[in-house]
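# Notes for the structure review
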Amino acid sequence: MMTEETVKHMMENIAADLMPGDGVHFVFQGGEPTLAGIPFFERFVDSGKDAMSGIRISYALQTNGI
């Protein structure tokens, strides 16, 4: 699983290439991402908010799980 530090650095690197008003879309695919648990995704979203002020961020989860 991706560490919080890695998520933070990833968000900062992505933000460096974007300008206010730009958008980014994060997609988690497959059932495996759900194994990370809700706290991981809450921290992931918070990291995006912290690093990308003024950037439109959307998230999606695609799985064939039931």
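Every chain is numbered on its own, with residues counted from 1 as its sequence reads. In keeping with the model being predicted, local features are shown solely for residues with a pLDDT of at least 70 and side-chain atom pairs are shown and tallied solely at 80 or more, while totals for entire chains, interfaces and linings include all residues. No hydrogens and no water enter the side-chain calculation; it runs on all heavy atoms of the structure.

### Some remarks on the confidence of the model for the chain
Definition in use: Scored from 0 to 100, pLDDT records how confident the predictor is in each individual residue. Each helix is a run of H or I in the DSSP string that is no shorter than four residues. Each strand is a run of E no shorter than two, and both are numbered from the N terminus.
In the predicted model, the chain carries a mean pLDDT of 91, and the fraction of residues at 70 or more is 98%. The spread of mean pLDDT over the elements of the chain runs between strand S2 (residues 56-62), the lowest at 93, and helix H1 (residues 4-16), the highest at 95.

### As for the pattern of salt bridges
Counted only if it meets this: Salt bridges are defined as contacts in which a side-chain nitrogen from Lys or Arg sits within 4 Å of a carboxyl oxygen from Asp or Glu. Accessibility here uses a 1.4 Å probe with only protein chains present; expressed as a share of the type maximum, an area under 20% marks a residue as buried, one over 50% as exposed, and anything in between as partly exposed.
This model, assessed by the stated rule, comprises one salt bridge. Here arginine 43 makes a salt bridge to glutamate 4, at a shortest N to O gap of 2.9 Å. Of this pair, arginine 43 sits in helix H2 (residues 38-51) while glutamate 4 sits in helix H1; the two residues are 39 residues apart in sequence, bridging distant segments of the chain. Arginine 43 gets classed as partly exposed once you look at its relative accessible area, which sits at 32%.

### Here we look at H2
Selection rule: Expected span, for any helix, means 1.5 Å times one less than how many residues it has. Picture the helix axis, draw a direction to every C-beta atom, and the arc is the one those directions span. Residue contacts are counted whenever heavy atoms from the two residues lie within 4.5 Å of one another.
For H2, spanning 14 residues, the distance from its first C-alpha to its last is 20 Å, which sits close to the expected 20 Å at 1.5 Å a residue. Along H2, the residues that are buried comprise Phe40, Phe44, Ser47 and Gly48. Down the axis of H2, the smallest arc covering the buried residues is 100 degrees, so these residues share one side. Away from its buried face, by an angle of more than 90 degrees, H2 presents the exposed residues Ile38, Lys49 and Asp50. Summarising the contacts, the buried residues of H2 are in contact with H1, strand S1 (23-29) and S2.

### Focus on the pairing of S2
The condition is simple: Here, strands pair whenever DSSP counts at least two bridges between them. Viewed with both strands pointing away, a crossover whose connecting path from the first strand over the helix to the second turns clockwise is right-handed.
Here seven bridges tie S1 to S2, and the two strands are oriented parallel to one another. Residue histidine 25 lies in a different strand from S2, and its bridge partner there is serine 58. Note on the crossover from S1 through H2 to S2: the handedness is right-handed.

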